[in-house]
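If you want the building blocks of each chain, they are given just below.
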Amino acid sequence: MAIAGGLVAELIFRRVTRKWLVLPNVIEATTTLRQTLMSLLARLTGEVIAVVVFVVVAYAITFTLVPEFYRPFIGLVGPALIGLPRISTAVTRFFMAPNNPAYRIVHTDDATAKGMVYHTRLFALLIGFSFVILPFNAANGVPMGETRLGFWLNLAVHIYAAIVVWRYRNGLVMMMRGADPDVSPFEERIARAFPIFGIIVSMGTWWVVNIVASYGNFALLGSAPHYKTMVLLFFAPAMDTAIRGLVRHLSPPMTGEGPIALRAFHATKRSYIRIGRVLVFGIVLVTIAGFWGMTATNIASAGVGERFAAHLIEFLMIMAVGYLVYEVVSLIINRKLAAEQTAAGVDPHDEAMGGGDGGGAGGSRLSTVLPLILGVSQAAIVVLFLLLGLSNIGVDTTPLLAGAGIVGLAIGFGAQKLVTDVVSGIFFLIDDAFRTGEYVEVDGTMGTVEKISIRSMQLRHHKGPVHTLPYGEIPKITNFSRDWVIMKLRFTVPFGTDPEKVRKIFKKIGQEMAEVELYKDDFLQPFKSQGVFEFDDVGIVIRGKFMAKPGTQFTLRKEIYNRVNKAFEENGIDFARREVRVALPGMEDGYKMTEDEKKAVAAAATQAAQEMADQAPAADKPGD
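Here the structure is a predicted model, which means the values were calculated and not measured.

Draft legend 1. Fine view of the overall build of the protein chain. Each helix and strand counted, the protein chain has 20 helices and eight strands in total. Looking at the 624 residues of the protein chain, the share that counts as buried comes to 37%. For the protein chain, restricting intrachain contacts to residue pairs at least 6 apart in sequence, the fraction spanning at least 24 positions comes to 72%. Counting every atom, the protein chain has about 35,400 Å² of accessible surface; 64% of that belongs to carbon and sulfur.

Next up, the structure:
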């Protein structure tokens, strides 16, 4: 009668609240994550309230019709055999949505979703039976340790959980991997190993229960901490999927365009996921400790073993907080660094950084200093929290600090050159003498600033070699990439060429390139003629120049050379060529040279041509 009355009341409630309990079959394209969760939460709330209505009405009938002596026994049946399985099923349906894949929060196939809902009901029913039969026996004079029923029920629960995990192992791997294609190799290995982890957790908690029971500590098992621990750990895929889903929907959008912005976006998302996992790890750790009675009061009055366990938990919590701080600081600095690099258009991973030929624009001053700040901050956080953790578990950190001071003093006396390098580097950075990505010259050594550390800088020459220069050995720095760059180009034409005609050609080329979409933003001043620069023994040297943004000048120079060559050809202007003229007395009288004389003349002409080539202007430095 109690069950029938509860069912009737529940059916009435379900009919009234039908719109809560039924999900639409199709989700519209405009449906947001929040709307999906609200629909699932409404159904979960309705199902839980339906169970509560059933239990309340059944209890009311029981209280009215059943004698007082039997009420405690019937009170065991309602929550454990009816309430627990149905509420567990409702919670599982919230995550799995077995009949509505579009609403499914976790990423898995339909068979696994339906199987998990079905087996959760049976699993909760088996646990509920354990909750009923053992107190029932104890209330009727059968102590818990007098029968083996508790042992077999507990074993059945854990074996059943292990079988379910193994049967749906592929679906669990899908759940652990998630729907996001951005999965690291480590996450892939963890996902594949999760079914094994679930089986180990199931059998491990069974082993712990047997150890506790062998000491007769049944009071500790009264609240079923092993079942709670097992269920909490089994929900790891759902929690991890929830973290990644929230990060995917709540993380800030990608700022800027290009490979730097894309890498920064993915790195930011990974950092948020790691932070969420650390928070969940701490919450799970504290919750499991509470399941097993490791509260602050118990720890205060615990023995040696319990104190060790308490210290271990505190050590892990300190490490978790330290890792959280480490990730947050790294996230903030890396986001700022990526924003600076994106704004400056500098990609430190680009093989052609600095314009390929050298002379790149370089990054901002902040993007140069931030990597150093990041390294120092990370090292400080690791040392600080490691010392706090060791101090918490009873390790005396005073000798460590004293030893570090002695080592630092020894380094200060024995490595004065290192100190000089570090101090010089600090002043170079304060003076903003160079930035990463800029093309500089240091005492004849040229290259793009590829990397800086606390004591040295690395220059990548535009032909490939890398030079490492300690700051203390840098007498001066010549920076070719600051603000703007001027390129001056030399063109030698034969004597008699009209310079005014050449000037008009150069002006026309400058105007045309200033209108080309690919080049117009790179010019600060257009290409134009500077007139006759000098006369040499070949012809007239006419020079042109333009001002451009650092890092773009070499691309512009190549295009200008191509356009000038084509324009000269169209206007009948030739480039002057070096010639060696040999004057031989008597040639006007019809004198004929012998073969030996011809060879001597050819050798002299070759030597003269080589000397003239050696005297030609060099083109090793930007701008020559």
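So that's the structure; there's more coming.
Draft legend 2. Representation of helix α6 (residues 149-167) within the structure. Look at α6: 27 Å from first C-alpha to last across 19 residues, which is about the 27 Å you get at 1.5 Å a residue. For α6, the set of buried residues is L153, N154, L155, V157, H158, Y160, A161, A162, V164 and V165. On the buried face of α6, the contacting elements are α5 (110-139), α7 (169-177), α8 (185-214) and α10 (225-234).

Draft legend 3. The packing of α6 against α10, seen in detail. Where α6 contacts α10, the axes come no closer than 12 Å and their chain directions differ by 5°. Relative to α10, the element α6 lies roughly parallel. For the pair α6 and α10, contact is made by L153, N154, V157, H158, A161 and V165 and by H226, Y227, M230 and F234, respectively. Looking at the contact of α6 with α10 residue by residue, the classes come out as seven nonpolar, three polar and no charged.

Draft legend 4. Representation of the sheet that holds strand β6 (residues 485-493) within the structure. With antiparallel pairing, the three strands of this open sheet are ordered in space as β6-β8-β7. The two strands at the open ends of the sheet, each matched to only one other strand, are β6 and β7 (523-535). Averaged over all pairs of adjacent strands, the angle between strand axes in this sheet comes to 20°, irrespective of strand direction. One ladder, built from nine bridges, connects β6 with strand β8 (residues 540-548); its direction is antiparallel. Across the sheet, L489 pairs through a bridge with G544, a residue of β8. Against the sheet, helix α18 (residues 499-515) touches β6, β7 and β8, its axis set at about 165° to β7.

Draft legend 5. Region of the structure containing the sheet that holds strand β2 (residues 445-452). Overall, antiparallel pairing links the five strands, which are arranged β4-β3-β2-β1-β5 in an open sheet. Of all the strands in the sheet, the pair left with one neighbour each is β4 (466-470) and β5 (478-479). Pairing of strand β1 (residues 439-442) with β5 involves two bridges; the strand directions are antiparallel. Residue pairing for β5: V440 is matched across the bridge by N479.

Draft legend 6. Main features of the pattern of salt bridges. In total, this model carries 12 salt bridges according to the counting rule given. For E450, the salt bridge is made with R460, and the minimal N-O distance between the two is 3.0 Å. With E450 in strand β2 and R460 in strand β3 (residues 456-460), this residue pair connects regions lying 10 residues apart in the sequence. Residue E450 is classed as partly exposed on the basis of its relative accessible area of 29%. Of the residues examined, R460 reaches a relative accessible area of 33% and is grouped as partly exposed. Salt-bridge contacts for E512 lead to R563; the nearest nitrogen and oxygen are separated by 3.5 Å. Separated by 51 residues along the polypeptide, E512 in helix α18 and R563 in helix α19 (residues 553-570) bring together distant segments of the chain. What you see here is one network of salt bridges that share partners, running through E10, R14 and R86.

Definitions and limits used
- Residues numbered from 1 in each chain as written.
- Predicted model: local features only at pLDDT ≥ 70, side-chain atom pairs only at ≥ 80, totals over all residues.
- Heavy atoms only, no water.
- Helix = DSSP H or I, 4+ residues; strand = E, 2+ residues; numbered from the N terminus.
- Buried < 20%, exposed > 50% of the residue type's maximum accessible area, 1.4 Å probe, protein only.
- Contact = heavy atoms within 4.5 Å.
- Areas by Shrake-Rupley, 256 points an atom, 1.4 Å probe, with all protein chains shown as cover.
- Expected span 1.5 Å × (residues − 1).
- Axes fitted to C-alpha atoms, helices over the stretch in contact; angles between N-to-C directions.
- Parallel < 35°, antiparallel > 145°, perpendicular 65-115°, else oblique.
- Nonpolar A, V, L, I, M, F, W, Y, C, P; charged D, E, K, R; others polar.
- Pairing = 2+ DSSP bridges.
- Salt bridge = Lys/Arg side-chain N within 4 Å of Asp/Glu carboxyl O.

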